[in-house]
Amino acid sequence: LSASREQLSARDDLAAQVPSDAELMERLKRGDTQALEPLYERYRGVVYAIGQRHAGRLNADDAEDLCQDVFLTLIKLADRYRPGNTLRGWLCGIAVQKARRLRQGRWFRQGLLSKFYRPKQVPFGAGQVAEQHLDMERILDRLPATSREIVVLCLIEDLDAADVAAALGINVNAVWTRLHRARERIRELLEEADG
Amino acid sequence: VSPACEQTPALLDGRLVGGERAAAEQHARSCERCRPQLEAWKRFSDGYRAQVPPVAKPSVEETRRMMRKARGLAAPVRSARPWVMIAAAAAAAGAIAVVVVGLNRAPQTVPAMAELADGQVVPLVGDTVEGVADRGALLRVGDDRVGVAAHSRVRLLRHDRERVRLRLEAGSVAASVNHRAPGQSFSVESGGFEVTVVGTRFRV
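Just so we're clear, the structure is a prediction, and the values are computed from it rather than from any experiment.

Reading guide: rules and limits
Residues numbered from 1 in each chain as written. Chains lettered and ligands numbered in written order. Predicted model: local features only at pLDDT ≥ 70, side-chain atom pairs only at ≥ 80, totals over all residues. Heavy atoms only, no water. Helix = DSSP H or I, 4+ residues; strand = E, 2+ residues; numbered from the N terminus. Buried < 20%, exposed > 50% of the residue type's maximum accessible area, 1.4 Å probe, protein only. Contact = heavy atoms within 4.5 Å. Areas by Shrake-Rupley, 256 points an atom, 1.4 Å probe, with all protein chains shown as cover. Pairing = 2+ DSSP bridges. Axes fitted to C-alpha atoms, helices over the stretch in contact; angles between N-to-C directions. Buried area = accessible area lost by both parts, 1.4 Å probe. Salt bridge = Lys/Arg side-chain N within 4 Å of Asp/Glu carboxyl O. Polar contact = N/O pair within 3.5 Å; in protein donor to acceptor, adjacent residues only side chain to side chain. Phe/Tyr/Trp six-rings, centres within 6.5 Å; stacked < 30°, edge-to-face > 60°. Lys NZ or Arg CZ within 6 Å of the ring centre and 35° of its normal.

J.: Account for the overall build of chain B, with residues named and values stated.
T.: Broken down by element type, chain B carries 5 helices and 11 strands. Among the 204 residues that make up chain B, the fraction classed as buried is 32%. Contacts spanning at least 24 positions in sequence make up 36% of the contacts within chain B whose residues lie at least 6 apart. When the accessible surface of chain B is totalled, it reaches about 12600 Å², and 56% of it is carbon and sulfur.

Right under this line is the structure:
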């Protein structure tokens, strides 16, 4: 019993040593960039995933660039952070904005180049279902931008509704409405693919 | 629509717990209206999670790169001894000048790849890219992209960090080019004219 008490006490000591998001953001506001390191290690995964899945299939270098861009923006915007707000949701919001811009830039670029060069398209449809290789990312690509955002955010590390709402600057009820609409469209696309 | 059907969206959102969740799940499995919704969402979310690999933790090197950039953003700290800073700045300027001169002497080569009509990407061994009938071709020089229209031919005359130079021998091309730093250029010459990039997208 005394051994487990010691373990619990050691765990509490460890928890007390780990600085909270609010403490780290306060240090960042004062110009202590070293505070960024634990934040980067804490949230880089979810930011990377948003870049990778929202902006399209980014290669590793582009995804890393996007991550760094998001965290450098965090330094510049640190003054605007209010303790009590979810930092995770706020960071996801910055990542979504940057990923949107990246996706739009690629869309313009592809639009121009596609007038000159059209790579061979892989057919989308019944053949793939029969082979059990239906590519869910391609289903995602066919969703409208608002639906794709909501699905990606909800499925990535199971972001909760409050974080998703903070990331997109909408209220929680709007999150559920958009998610419902996205699910309906996904069902239609799956039925279409099944033939 | 039964009152139980109204719980199905909340079930799929993951908002229900305990007994409520179990009851809603039991209903959705047996209801003809709710079952397709449950199955489609499960099929998509399970399939998506299975296809997308989990994101690995950042490597030590990646975190270091990040922190170097972060420190570069930090406000400069005033020194108690300004002459030390001036001497350090002079030494740093000398070091930068040496590095720049070194780079100028030996410009590094930018990788050049050609994407063929069947989607295959191959390193550009020769210098000429031809746009195959109907589909054209794509030339990738570093981060820049050049769409080569069908029945067109373009020759890559030079490609290094300072300069990318193309000669259009037949047909037309569209280029999507990244911003150039001073001293760098991207140009396409054709029929005695040379087009040098001033924006980021252009056609010849």
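J.: Any chance you could break down unusual backbone geometry for me, citing the residues and the numbers?
T.: Residues and elements named next belong to chain B. Although it is not a glycine, His151 adopts a positive phi angle of roughly 60°. Take His151: it is sitting in the loop between strand E5 (144-148) and strand E6 (153-159). By relative accessible area, His151 is classed as exposed at 62%.

J.: Break down the sheet that holds strand E7 (residues 163-170) of chain B for me, citing the residues and quoting the values.
T.: Residues and elements named next belong to chain B. Reading across the sheet, the 5 strands line up as E3-E6-E7-E9-E10 and stay open at both edges, with mixed pairing between neighbours. Either end of the sheet is taken by a strand with one partner, and the two such strands are strand E3 (128-130) and strand E10 (193-196). Here the strands of the sheet are splayed against their neighbours by 25° on average, with no regard to which way each runs. Direction of pairing for strand E9 (residues 185-190) relative to E10: antiparallel, over a ladder of 4 bridges. Directly across from Val188, in E10, lies its bridge partner Val195.

J.: So what's going on with the interface of chain B and chain A? Which residues, and what values?
T.: Tallying the contact residues gives 56 residues for chain B and 47 residues for chain A. Summed over both partners, the interface of chain B with chain A comes to about 4700 Å²; 63% of that surface belongs to carbon and sulfur atoms. Three residues stand out in chain B for area buried against chain A, namely Phe44(B), Tyr48(B) and Met66(B), and they jointly supply 15% of the buried area on that side. Run the count over chain B and chain A and you get 4 salt bridges. On inspection of chain B and its partner chain A, the count reaches 6 residue pairs in polar contact (both at pLDDT 80 or more). At the level of secondary structure, the elements contributing two or more residues to the side of chain B that touches chain A comprise helix H1 (8-13), helix H3 (35-51), helix H4 (60-73), strand E4 (137-141), E5, strand E8 (173-176) and strand E11 (201-203) of chain B.

J.: Which residues make up the pattern of salt bridges, and what values do they have?
T.: Considering all chains together, one arrives at 28 salt bridges over all chains under this definition. The shortest N-O distance in the salt bridge between Glu26(A) and Lys29(A) comes to 4.0 Å. Here the residue Glu26(A) and the residue Lys29(A) both occupy positions in helix H2 (residues 21-29), the gap between them amounting to 3 residues, near one helical turn. For Glu26(A), a relative accessible area of 34% puts it in the partly exposed group. Note that Glu194(B) and Arg163(B) form a salt bridge whose closest N and O atoms lie 2.9 Å from each other. Here Arg163(B) lies in strand E7 and Glu194(B) lies in strand E10, a separation of 31 residues in the sequence. Look at the salt bridges and you will find they share partners, linking Arg183(A), Asp13(B) and Arg15(B) into a network.

J.: Outline the packing of aromatic side chains, listing residues and values.
T.: Scanning all chains against the criterion turns up 4 aromatic pairs over all chains. Centroid distance Tyr81(A) to Trp90(A): 5.7 Å. Interplanar angle 50°. Geometry classified as tilted. Under the relative-accessibility criterion, Tyr81(A) is labelled buried at 3%. Measuring from ring centre to ring centre gives 5.8 Å for Phe44(B) and Tyr48(B), while their planes differ by 15°; the resulting arrangement is stacked. A residue pair is termed a helical-turn pair when its members lie 3 or 4 positions apart in one helix, as Phe44(B) and Tyr48(B) do in helix H3 at 4 residues. Among the residues examined, Tyr48(B) registers a relative accessible area of 3% and is labelled buried. Between the NZ or CZ atom of Arg183(A) and the centre of the ring of Trp41(B), over which it lies, the distance is 5.6 Å. Directly above the ring of Trp176(A) sits Arg15(B), whose terminal nitrogen or CZ lies 4.4 Å from the centroid.

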